[in-house]
Amino acid sequence: MEVMNISYISPDQVIFWKLAGGLITINATLVYTWLVMAILVAGSWLVTRHLSTGIHVPRWQNFLEVVVSAIRSEIRDVSPEGSDRYVPFIGTLFVFIALSNVLVIVPGYVAPTASLTTTAALAITVFIAVPLYGITKQGIIEYLKEYFRPTFIFFPFHVMGELSRTLALAVRLFGNIMSHEKVVGILLAVTPLFFPIVMQALGLLIGMIQAYIFSILAMVYIASATQAHEDKKHGTEKDGLAAQRANP
Amino acid sequence: MHIDWFVFFAQIVNFLILVYLLKRFLYGRIIAAMDNREALIASRLEDAERLKSEAGQSAEAYEKKYQSLLERSEEMLNQAKEAAKAREVELMDRAREEVDQVRQRWLETIEREKISFLQDLRKRAGSQVYAIARNALTELADAELERRIADVFLDRLRNLDSTQAQAIRETMGKSATDVMIKSAFEIPPDIREQIKGALKPYLTDGSGIAFETSSEVISGVEMRAQGHKVAWSLNDYLETLEENFSQALQLEAMKKH
(Lines give C-alpha, C1' and ligand atoms only; values in the text may rest on other atoms or scores of the structure.)
Protein backbone atom coordinates (compact mmCIF):
# COMPACT_ATOMS: atom_id res chain seq x y z
CA MET A 1 0.00 0.00 0.00
CA GLU A 2 1.74 3.09 -1.19
CA VAL A 3 0.22 6.31 0.10
CA MET A 4 3.07 8.61 -0.77
CA ASN A 5 5.05 8.46 -3.97
CA ILE A 6 8.82 8.41 -3.57
CA SER A 7 9.04 11.52 -5.63
CA TYR A 8 7.01 13.47 -3.04
CA ILE A 9 9.09 15.27 -0.49
CA SER A 10 6.30 15.91 2.05
CA PRO A 11 3.01 14.19 2.90
CA ASP A 12 1.46 17.61 2.37
CA GLN A 13 1.56 16.79 -1.28
CA VAL A 14 -0.79 13.83 -0.84
CA ILE A 15 -4.13 15.58 -0.92
CA PHE A 16 -7.32 13.64 -0.15
CA TRP A 17 -9.95 16.38 -0.35
CA LYS A 18 -10.07 19.99 -1.41
CA LEU A 19 -12.90 22.12 -0.08
CA ALA A 20 -13.93 25.77 -0.42
CA GLY A 21 -12.15 26.24 -3.65
CA GLY A 22 -8.82 24.88 -2.53
CA LEU A 23 -8.70 27.00 0.65
CA ILE A 24 -9.27 23.95 2.86
CA THR A 25 -7.19 20.93 1.94
CA ILE A 26 -7.29 17.64 3.82
CA ASN A 27 -3.95 16.00 3.11
CA ALA A 28 -2.04 13.02 4.51
CA THR A 29 -0.31 15.17 7.13
CA LEU A 30 -3.61 16.13 8.74
CA VAL A 31 -5.10 12.64 8.50
CA TYR A 32 -2.09 10.95 10.08
CA THR A 33 -1.91 13.67 12.73
CA TRP A 34 -5.49 12.92 13.65
CA LEU A 35 -4.68 9.23 13.71
CA VAL A 36 -1.79 9.77 16.12
CA MET A 37 -3.94 12.09 18.26
CA ALA A 38 -6.73 9.53 18.31
CA ILE A 39 -4.39 6.77 19.40
CA LEU A 40 -2.88 8.94 22.13
CA VAL A 41 -6.18 10.24 23.50
CA ALA A 42 -8.04 6.94 23.26
CA GLY A 43 -5.15 5.03 24.78
CA SER A 44 -4.84 7.51 27.64
CA TRP A 45 -8.56 7.49 28.23
CA LEU A 46 -8.78 3.70 28.21
CA VAL A 47 -5.86 3.26 30.59
CA THR A 48 -6.73 6.08 32.98
CA ARG A 49 -10.41 5.13 33.26
CA HIS A 50 -9.70 2.79 36.17
CA LEU A 51 -6.53 3.95 37.84
CA SER A 52 -5.13 2.00 40.73
CA THR A 53 -3.54 3.87 43.59
CA GLY A 54 -2.73 0.68 45.45
CA ILE A 55 0.36 -1.48 45.35
CA HIS A 56 -0.85 -3.59 42.40
CA VAL A 57 -0.66 -1.55 39.19
CA PRO A 58 -2.09 -2.73 35.83
CA ARG A 59 0.45 -3.24 33.05
CA TRP A 60 -0.61 -0.31 30.83
CA GLN A 61 -0.96 2.06 33.74
CA ASN A 62 2.54 1.08 34.77
CA PHE A 63 3.80 1.83 31.24
CA LEU A 64 2.17 5.27 31.23
CA GLU A 65 3.52 5.99 34.71
CA VAL A 66 7.01 5.13 33.52
CA VAL A 67 6.63 7.48 30.54
CA VAL A 68 5.18 10.34 32.59
CA SER A 69 7.69 10.01 35.40
CA ALA A 70 10.56 9.93 32.87
CA ILE A 71 9.21 13.15 31.33
CA ARG A 72 8.87 14.71 34.78
CA SER A 73 12.37 13.79 35.80
CA GLU A 74 13.84 15.16 32.55
CA ILE A 75 11.95 18.44 33.03
CA ARG A 76 13.05 18.56 36.66
CA ASP A 77 16.67 18.14 35.59
CA VAL A 78 16.39 21.21 33.36
CA SER A 79 14.13 23.30 35.56
CA PRO A 80 13.97 22.12 39.17
CA GLU A 81 11.31 24.67 40.16
CA GLY A 82 7.64 24.15 39.25
CA SER A 83 8.43 21.36 36.83
CA ASP A 84 4.84 20.03 36.80
CA ARG A 85 3.66 23.25 35.08
CA TYR A 86 5.58 22.32 31.93
CA VAL A 87 4.60 18.63 31.84
CA PRO A 88 1.49 18.96 29.61
CA PHE A 89 3.26 21.07 26.95
CA ILE A 90 6.68 19.38 26.88
CA GLY A 91 5.18 15.92 27.48
CA THR A 92 2.70 16.31 24.64
CA LEU A 93 5.47 17.47 22.30
CA PHE A 94 7.47 14.40 23.20
CA VAL A 95 4.73 11.76 23.01
CA PHE A 96 3.27 13.22 19.82
CA ILE A 97 6.60 13.37 17.97
CA ALA A 98 7.72 10.02 19.36
CA LEU A 99 4.54 8.19 18.36
CA SER A 100 4.51 9.91 14.99
CA ASN A 101 8.07 8.74 14.34
CA VAL A 102 7.69 5.25 15.78
CA LEU A 103 4.61 4.39 13.72
CA VAL A 104 6.69 4.49 10.50
CA ILE A 105 7.25 0.75 10.95
CA VAL A 106 3.58 0.30 10.08
CA PRO A 107 3.29 -0.13 6.28
CA GLY A 108 1.30 2.63 4.60
CA TYR A 109 1.91 5.10 7.40
CA VAL A 110 3.60 8.39 6.75
CA ALA A 111 4.93 10.34 9.71
CA PRO A 112 3.29 13.79 9.96
CA THR A 113 6.63 15.01 11.30
CA ALA A 114 8.09 14.38 7.84
CA SER A 115 6.11 17.46 6.80
CA LEU A 116 7.70 20.86 7.26
CA THR A 117 4.20 22.25 7.91
CA THR A 118 3.85 20.08 11.04
CA THR A 119 7.35 20.74 12.36
CA ALA A 120 6.96 24.46 11.67
CA ALA A 121 3.65 24.47 13.53
CA LEU A 122 5.26 22.72 16.50
CA ALA A 123 8.23 25.10 16.40
CA ILE A 124 5.85 28.08 16.32
CA THR A 125 4.01 26.74 19.40
CA VAL A 126 7.39 26.61 21.14
CA PHE A 127 8.23 30.08 19.84
CA ILE A 128 4.98 31.39 21.37
CA ALA A 129 5.12 29.27 24.54
CA VAL A 130 8.60 30.48 25.55
CA PRO A 131 7.65 34.18 25.99
CA LEU A 132 4.27 33.14 27.48
CA TYR A 133 5.91 31.09 30.21
CA GLY A 134 8.59 33.76 30.64
CA ILE A 135 6.08 36.58 31.02
CA THR A 136 3.86 34.52 33.32
CA LYS A 137 6.83 33.84 35.52
CA GLN A 138 8.64 37.20 35.47
CA GLY A 139 6.20 39.81 34.25
CA ILE A 140 6.35 41.45 30.83
CA ILE A 141 8.85 44.18 31.71
CA GLU A 142 11.34 41.90 33.34
CA TYR A 143 10.97 39.49 30.44
CA LEU A 144 11.53 42.17 27.81
CA LYS A 145 14.51 43.51 29.73
CA GLU A 146 16.21 40.19 29.01
CA TYR A 147 16.43 41.21 25.34
CA PHE A 148 18.54 44.25 26.24
CA ARG A 149 21.07 42.46 28.35
CA PRO A 150 23.94 42.96 28.76
CA THR A 151 23.40 46.11 26.58
CA PHE A 152 20.73 47.27 24.13
CA ILE A 153 23.09 46.40 21.26
CA PHE A 154 22.29 42.76 21.92
CA PHE A 155 18.58 43.19 21.19
CA PRO A 156 18.80 42.30 17.46
CA PHE A 157 20.98 39.32 18.24
CA HIS A 158 18.45 38.08 20.81
CA VAL A 159 15.65 38.42 18.24
CA MET A 160 17.70 36.69 15.59
CA GLY A 161 18.55 33.97 18.03
CA GLU A 162 14.86 33.39 18.83
CA LEU A 163 13.94 33.20 15.18
CA SER A 164 16.86 31.06 14.08
CA ARG A 165 16.42 28.50 16.87
CA THR A 166 12.75 28.19 15.98
CA LEU A 167 13.69 27.62 12.38
CA ALA A 168 16.35 25.16 13.46
CA LEU A 169 13.79 23.22 15.54
CA ALA A 170 11.44 22.93 12.60
CA VAL A 171 14.04 22.07 9.99
CA ARG A 172 15.99 19.62 12.19
CA LEU A 173 12.98 17.43 12.87
CA PHE A 174 11.61 17.70 9.33
CA GLY A 175 15.03 17.01 7.73
CA ASN A 176 15.79 13.98 9.86
CA ILE A 177 12.46 12.25 9.43
CA MET A 178 11.93 13.15 5.78
CA SER A 179 15.49 12.20 4.79
CA HIS A 180 15.22 8.93 6.67
CA GLU A 181 12.04 8.01 4.82
CA LYS A 182 13.66 8.86 1.52
CA VAL A 183 16.82 6.88 2.42
CA VAL A 184 14.74 3.82 3.35
CA GLY A 185 12.70 4.18 0.15
CA ILE A 186 15.82 4.41 -2.04
CA LEU A 187 17.54 1.52 -0.17
CA LEU A 188 14.43 -0.61 -0.62
CA ALA A 189 14.81 -0.10 -4.37
CA VAL A 190 18.58 -0.83 -4.36
CA THR A 191 18.96 -3.65 -1.79
CA PRO A 192 15.50 -5.06 -1.10
CA LEU A 193 16.65 -7.65 1.50
CA PHE A 194 17.85 -7.23 5.10
CA PHE A 195 19.48 -3.82 4.87
CA PRO A 196 16.22 -1.80 4.87
CA ILE A 197 15.24 -3.64 8.10
CA VAL A 198 18.38 -2.39 9.82
CA MET A 199 17.68 1.05 8.48
CA GLN A 200 14.10 0.86 9.80
CA ALA A 201 15.44 -0.05 13.23
CA LEU A 202 17.85 2.85 13.00
CA GLY A 203 14.90 4.99 11.94
CA LEU A 204 13.06 4.09 15.21
CA LEU A 205 16.15 5.18 17.15
CA ILE A 206 16.45 8.40 15.16
CA GLY A 207 12.74 9.09 15.67
CA MET A 208 13.01 8.70 19.45
CA ILE A 209 16.18 10.80 19.56
CA GLN A 210 14.55 13.57 17.53
CA ALA A 211 11.48 13.55 19.78
CA TYR A 212 13.76 13.80 22.80
CA ILE A 213 15.88 16.57 21.24
CA PHE A 214 12.86 18.61 20.18
CA SER A 215 11.14 18.45 23.56
CA ILE A 216 14.29 18.91 25.64
CA LEU A 217 15.33 21.91 23.54
CA ALA A 218 11.86 23.40 24.00
CA MET A 219 12.26 22.88 27.72
CA VAL A 220 15.70 24.47 27.72
CA TYR A 221 14.34 27.52 25.90
CA ILE A 222 11.46 27.81 28.36
CA ALA A 223 13.83 27.38 31.27
CA SER A 224 16.19 30.02 29.95
CA ALA A 225 13.28 32.41 29.60
CA THR A 226 11.91 31.75 33.10
CA GLN A 227 15.11 31.31 35.08
CA ALA A 228 17.42 34.04 33.72
CA HIS A 229 16.00 36.58 36.07
CA GLU A 230 15.76 34.11 38.98
CA ASP A 231 19.42 33.17 38.62
CA LYS A 232 20.33 36.81 38.85
CA LYS A 233 18.14 37.20 41.94
CA HIS A 234 19.67 34.12 43.54
CA GLY A 235 23.09 35.50 42.68
CA THR A 236 22.49 38.77 44.51
CA GLU A 237 21.05 36.89 47.47
CA LYS A 238 24.09 34.66 47.58
CA ASP A 239 26.37 37.72 47.40
CA GLY A 240 24.44 39.30 50.24
CA LEU A 241 24.78 36.16 52.35
CA ALA A 242 28.50 35.97 51.64
CA ALA A 243 28.88 39.61 52.64
CA GLN A 244 26.93 38.94 55.84
CA ARG A 245 29.20 36.04 56.68
CA ALA A 246 32.29 38.11 55.99
CA ASN A 247 31.09 41.01 58.21
CA PRO A 248 28.87 39.60 60.92
CA MET B 1 9.63 24.30 0.20
CA HIS B 2 5.87 24.50 0.14
CA ILE B 3 3.91 25.28 3.27
CA ASP B 4 0.14 24.89 3.25
CA TRP B 5 -1.03 27.63 5.61
CA PHE B 6 -4.36 26.01 6.33
CA VAL B 7 -2.61 22.80 7.35
CA PHE B 8 -0.08 24.86 9.30
CA PHE B 9 -2.76 26.53 11.44
CA ALA B 10 -4.73 23.29 11.61
CA GLN B 11 -1.64 21.57 13.02
CA ILE B 12 -1.24 24.31 15.65
CA VAL B 13 -4.86 23.88 16.66
CA ASN B 14 -4.50 20.10 16.57
CA PHE B 15 -1.49 20.31 18.85
CA LEU B 16 -3.23 22.61 21.32
CA ILE B 17 -6.25 20.29 21.38
CA LEU B 18 -3.90 17.35 21.98
CA VAL B 19 -2.20 19.23 24.83
CA TYR B 20 -5.57 19.86 26.45
CA LEU B 21 -6.82 16.30 25.97
CA LEU B 22 -3.63 14.69 27.20
CA LYS B 23 -3.52 17.05 30.16
CA ARG B 24 -7.07 16.00 30.94
CA PHE B 25 -6.77 12.26 30.32
CA LEU B 26 -3.11 11.46 30.86
CA TYR B 27 -0.89 13.75 32.91
CA GLY B 28 -3.41 14.94 35.45
CA ARG B 29 -4.71 11.49 36.23
CA ILE B 30 -1.41 9.65 36.11
CA ILE B 31 0.39 12.25 38.24
CA ALA B 32 -2.47 12.26 40.74
CA ALA B 33 -2.37 8.43 40.88
CA MET B 34 1.39 8.43 41.38
CA ASP B 35 1.21 11.10 44.07
CA ASN B 36 -1.54 9.18 45.82
CA ARG B 37 0.48 6.01 45.66
CA GLU B 38 3.54 7.81 46.98
CA ALA B 39 1.50 9.19 49.84
CA LEU B 40 0.07 5.72 50.47
CA ILE B 41 3.50 4.11 50.44
CA ALA B 42 4.87 6.84 52.68
CA SER B 43 2.03 6.37 55.13
CA ARG B 44 2.48 2.59 55.00
CA LEU B 45 6.19 2.95 55.59
CA GLU B 46 5.44 5.27 58.46
CA ASP B 47 2.93 2.74 59.81
CA ALA B 48 5.46 -0.03 59.34
CA GLU B 49 8.09 2.02 61.16
CA ARG B 50 5.65 2.77 63.95
CA LEU B 51 4.54 -0.87 64.16
CA LYS B 52 8.16 -1.95 64.13
CA SER B 53 9.02 0.36 66.97
CA GLU B 54 5.89 -0.76 68.82
CA ALA B 55 6.79 -4.38 68.19
CA GLY B 56 10.31 -3.66 69.40
CA GLN B 57 8.95 -2.02 72.51
CA SER B 58 6.56 -4.85 73.24
CA ALA B 59 9.29 -7.42 72.56
CA GLU B 60 11.47 -5.56 75.04
CA ALA B 61 8.62 -5.46 77.52
CA TYR B 62 8.02 -9.20 77.10
CA GLU B 63 11.70 -9.87 77.47
CA LYS B 64 11.70 -7.90 80.71
CA LYS B 65 8.58 -9.71 81.85
CA TYR B 66 10.16 -13.04 80.97
CA GLN B 67 13.29 -12.14 82.88
CA SER B 68 11.31 -11.04 85.89
CA LEU B 69 9.25 -14.23 85.70
CA LEU B 70 12.44 -16.26 85.55
CA GLU B 71 13.79 -14.41 88.56
CA ARG B 72 10.52 -14.81 90.34
CA SER B 73 10.34 -18.52 89.58
CA GLU B 74 13.88 -18.93 90.86
CA GLU B 75 12.98 -16.97 93.96
CA MET B 76 9.85 -19.06 94.42
CA LEU B 77 11.86 -22.23 93.95
CA ASN B 78 14.32 -21.06 96.58
CA GLN B 79 11.50 -20.13 98.89
CA ALA B 80 9.90 -23.51 98.30
CA LYS B 81 13.21 -25.22 99.02
CA GLU B 82 13.64 -23.22 102.20
CA ALA B 83 10.06 -23.91 103.21
CA ALA B 84 10.56 -27.61 102.49
CA LYS B 85 13.73 -27.59 104.56
CA ALA B 86 12.00 -25.78 107.39
CA ARG B 87 9.08 -28.18 107.10
CA GLU B 88 11.48 -31.10 107.17
CA VAL B 89 13.13 -29.76 110.29
CA GLU B 90 9.74 -29.13 111.82
CA LEU B 91 8.51 -32.59 110.93
CA MET B 92 11.69 -34.12 112.25
CA ASP B 93 11.28 -32.15 115.48
CA ARG B 94 7.67 -33.19 115.71
CA ALA B 95 8.56 -36.78 115.00
CA ARG B 96 11.26 -36.61 117.62
CA GLU B 97 8.81 -35.02 120.02
CA GLU B 98 6.25 -37.68 119.26
CA VAL B 99 8.83 -40.37 119.71
CA ASP B 100 9.78 -38.74 122.98
CA GLN B 101 6.15 -38.58 124.00
CA VAL B 102 5.61 -42.19 123.03
CA ARG B 103 8.72 -43.13 124.90
CA GLN B 104 7.57 -41.01 127.83
CA ARG B 105 4.16 -42.66 127.73
CA TRP B 106 5.81 -46.01 127.45
CA LEU B 107 8.04 -45.22 130.41
CA GLU B 108 5.04 -43.97 132.32
CA THR B 109 3.16 -47.11 131.43
CA ILE B 110 6.12 -49.18 132.55
CA GLU B 111 6.30 -47.11 135.71
CA ARG B 112 2.60 -47.57 136.30
CA GLU B 113 2.90 -51.25 135.58
CA LYS B 114 5.85 -51.42 137.90
CA ILE B 115 3.96 -49.59 140.57
CA SER B 116 0.90 -51.72 140.12
CA PHE B 117 3.11 -54.78 140.02
CA LEU B 118 4.83 -53.63 143.18
CA GLN B 119 1.52 -52.87 144.77
CA ASP B 120 0.25 -56.19 143.72
CA LEU B 121 3.43 -57.81 144.90
CA ARG B 122 3.24 -55.91 148.15
CA LYS B 123 -0.35 -56.85 148.57
CA ARG B 124 0.39 -60.44 147.81
CA ALA B 125 3.57 -60.46 149.85
CA GLY B 126 1.84 -58.60 152.60
CA SER B 127 -1.17 -60.81 152.50
CA GLN B 128 1.12 -63.81 152.32
CA VAL B 129 3.15 -62.54 155.21
CA TYR B 130 -0.04 -61.67 156.99
CA ALA B 131 -1.36 -65.05 156.26
CA ILE B 132 1.84 -66.63 157.50
CA ALA B 133 2.06 -64.28 160.46
CA ARG B 134 -1.59 -64.71 161.17
CA ASN B 135 -1.31 -68.40 160.96
CA ALA B 136 1.79 -68.34 163.08
CA LEU B 137 0.31 -65.93 165.55
CA THR B 138 -3.01 -67.70 165.56
CA GLU B 139 -1.24 -70.87 166.18
CA LEU B 140 0.95 -69.24 168.82
CA ALA B 141 -1.72 -67.03 170.25
CA ASP B 142 -2.88 -67.79 173.63
CA ALA B 143 -3.90 -65.80 176.64
CA GLU B 144 -0.34 -65.40 177.72
CA LEU B 145 0.79 -63.80 174.43
CA GLU B 146 -2.21 -61.52 174.34
CA ARG B 147 -1.55 -60.40 177.83
CA ARG B 148 2.07 -59.87 176.91
CA ILE B 149 1.03 -57.73 173.91
CA ALA B 150 -1.31 -55.72 176.05
CA ASP B 151 1.51 -55.26 178.57
CA VAL B 152 3.83 -53.95 175.92
CA PHE B 153 1.12 -51.50 174.74
CA LEU B 154 0.51 -50.41 178.29
CA ASP B 155 4.18 -49.95 178.82
CA ARG B 156 4.39 -47.77 175.74
CA LEU B 157 1.43 -45.76 176.83
CA ARG B 158 3.02 -45.09 180.16
CA ASN B 159 6.41 -44.25 178.71
CA LEU B 160 5.30 -41.77 176.05
CA ASP B 161 7.99 -39.19 175.34
CA SER B 162 7.23 -35.76 176.74
CA THR B 163 6.58 -34.04 173.37
CA GLN B 164 4.03 -36.61 172.29
CA ALA B 165 2.41 -36.67 175.69
CA GLN B 166 2.17 -32.89 175.64
CA ALA B 167 0.64 -32.90 172.15
CA ILE B 168 -1.93 -35.51 173.13
CA ARG B 169 -2.79 -33.62 176.27
CA GLU B 170 -3.28 -30.36 174.40
CA THR B 171 -5.50 -31.95 171.80
CA MET B 172 -7.59 -33.79 174.28
CA GLY B 173 -7.91 -30.68 176.44
CA LYS B 174 -9.58 -28.72 173.73
CA SER B 175 -12.71 -30.84 173.46
CA ALA B 176 -14.22 -33.86 174.98
CA THR B 177 -13.46 -36.76 172.71
CA ASP B 178 -13.77 -40.45 173.03
CA VAL B 179 -10.57 -42.43 172.93
CA MET B 180 -10.78 -45.58 170.83
CA ILE B 181 -8.76 -48.63 171.82
CA LYS B 182 -8.68 -51.17 169.02
CA SER B 183 -7.31 -54.63 169.51
CA ALA B 184 -7.19 -57.88 167.61
CA PHE B 185 -8.30 -59.77 170.66
CA GLU B 186 -10.43 -59.20 173.66
CA ILE B 187 -8.34 -57.29 176.24
CA PRO B 188 -8.61 -58.85 179.69
CA PRO B 189 -10.57 -56.70 182.18
CA ASP B 190 -7.60 -56.04 184.50
CA ILE B 191 -5.51 -54.79 181.61
CA ARG B 192 -8.42 -52.58 180.58
CA GLU B 193 -8.44 -51.03 184.02
CA GLN B 194 -4.74 -50.46 183.85
CA ILE B 195 -5.11 -48.82 180.40
CA LYS B 196 -7.88 -46.57 181.71
CA GLY B 197 -5.62 -45.67 184.60
CA ALA B 198 -2.74 -44.85 182.31
CA LEU B 199 -4.97 -42.66 180.13
CA LYS B 200 -6.55 -40.79 182.98
CA PRO B 201 -4.03 -37.94 183.06
CA TYR B 202 -4.86 -37.12 179.45
CA LEU B 203 -8.59 -37.29 179.60
CA THR B 204 -10.87 -34.36 180.28
CA ASP B 205 -14.29 -34.52 181.79
CA GLY B 206 -16.87 -36.18 179.63
CA SER B 207 -14.42 -38.14 177.54
CA GLY B 208 -14.91 -41.84 177.44
CA ILE B 209 -12.82 -44.80 176.52
CA ALA B 210 -14.20 -47.31 174.01
CA PHE B 211 -12.77 -50.74 173.44
CA GLU B 212 -13.19 -52.46 170.10
CA THR B 213 -12.04 -55.73 168.66
CA SER B 214 -10.92 -55.46 165.03
CA SER B 215 -9.19 -57.90 162.75
CA GLU B 216 -7.41 -54.92 161.03
CA VAL B 217 -5.08 -54.65 163.94
CA ILE B 218 -3.01 -57.74 163.59
CA SER B 219 -1.94 -59.19 166.83
CA GLY B 220 -1.77 -55.82 168.50
CA VAL B 221 -3.38 -52.95 170.34
CA GLU B 222 -3.70 -49.34 169.22
CA MET B 223 -5.09 -46.17 170.62
CA ARG B 224 -6.56 -43.45 168.44
CA ALA B 225 -7.65 -40.06 169.69
CA GLN B 226 -8.03 -36.89 167.57
CA GLY B 227 -5.45 -38.00 165.06
CA HIS B 228 -3.01 -39.22 167.67
CA LYS B 229 -2.06 -42.83 167.70
CA VAL B 230 -0.21 -44.99 170.13
CA ALA B 231 0.07 -48.60 169.15
CA TRP B 232 1.92 -51.80 169.11
CA SER B 233 0.99 -54.37 166.54
CA LEU B 234 2.51 -56.69 164.05
CA ASN B 235 0.93 -54.43 161.38
CA ASP B 236 3.61 -51.81 162.09
CA TYR B 237 6.34 -54.27 161.55
CA LEU B 238 4.65 -55.57 158.45
CA GLU B 239 4.33 -52.04 157.04
CA THR B 240 8.00 -51.44 157.71
CA LEU B 241 8.76 -54.70 156.03
CA GLU B 242 6.63 -53.73 153.07
CA GLU B 243 8.38 -50.40 152.75
CA ASN B 244 11.81 -51.96 152.86
CA PHE B 245 10.70 -54.49 150.32
CA SER B 246 9.36 -51.85 147.91
CA GLN B 247 12.56 -49.81 148.23
CA ALA B 248 14.61 -52.88 147.47
CA LEU B 249 12.53 -53.53 144.33
CA GLN B 250 12.85 -49.93 143.14
CA LEU B 251 16.60 -50.02 143.56
CA GLU B 252 16.67 -53.24 141.61
CA ALA B 253 14.62 -51.68 138.75
CA MET B 254 16.87 -48.59 138.60
CA LYS B 255 19.94 -50.76 138.43
CA LYS B 256 18.44 -52.62 135.49
CA HIS B 257 17.83 -49.36 133.60
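Here's what I pulled together on the structure shown here. (Residues numbered from 1 in each chain as written. Chains lettered and ligands numbered in written order. Predicted model: local features only at pLDDT ≥ 70, side-chain atom pairs only at ≥ 80, totals over all residues. Heavy atoms only, no water.)

1. Notes on the nonpolar core
Residues A:F89 and A:V126 are the most contacted members of the largest nonpolar core, which totals 66 residues. Every element with two or more residues in this core is listed here: α1 (28-48), α2 (59-78), α3 (87-102), α4 (116-138), α6 (155-190) and α7 (195-246) of chain A together with α1 (5-140) of chain B. In contact with A:V126, not counting residues within four places along its chain, are A:F89, A:L93, A:L169, A:F214, A:A218 and A:Y221. Judged by nonpolar contacts, the second largest core, of 23 residues, contains B:I181, B:V221, B:A225 and B:W232. (Core = buried A, V, L, I, M, F, W, Y, C linked by side-chain atoms within 4.5 Å. Buried < 20%, exposed > 50% of the residue type's maximum accessible area, 1.4 Å probe, protein only. Helix = DSSP H or I, 4+ residues; strand = E, 2+ residues; numbered from the N terminus. Contact = heavy atoms within 4.5 Å.)

2. What to know about the packing of aromatic side chains
Within this structure, the stated rule accounts for 12 aromatic pairs over all chains. With a centroid separation of 4.9 Å and an interplanar angle of 10°, the aromatic rings of A:F148 and A:F155 are classed as stacked. These aromatic residues form a ring-pair network of at least three members: A:Y86, A:F89, A:Y133 and B:F15. Looking at A:R49, its charged tip hangs above the ring of A:W45, at a distance of 5.2 Å from the centre. The ring of A:Y221 carries A:R165 above its face, with NZ or CZ at 4.0 Å from the centroid. (Phe/Tyr/Trp six-rings, centres within 6.5 Å; stacked < 30°, edge-to-face > 60°. Lys NZ or Arg CZ within 6 Å of the ring centre and 35° of its normal.)

3. Let's talk about the interface of chain B and chain A
Contact with chain B, which involves 32 residues of that partner, is made by 49 residues of chain A. Counting the surface chain B buries against chain A, the share from its top three residues, B:F15, B:Y27 and B:R37, is 18%. For the interface between chain B and chain A, the tally reads two salt bridges. In this structure, B:D35 and A:R72 form a salt bridge, with 4.0 Å as the shortest nitrogen-oxygen distance. Looking at the side of chain B that touches chain A residue by residue, the class counts come to 22 nonpolar, four polar and six charged. (Buried area = accessible area lost by both parts, 1.4 Å probe. Salt bridge = Lys/Arg side-chain N within 4 Å of Asp/Glu carboxyl O. Nonpolar A, V, L, I, M, F, W, Y, C, P; charged D, E, K, R; others polar.)

Any functional reading would require information beyond the geometric quantities listed.
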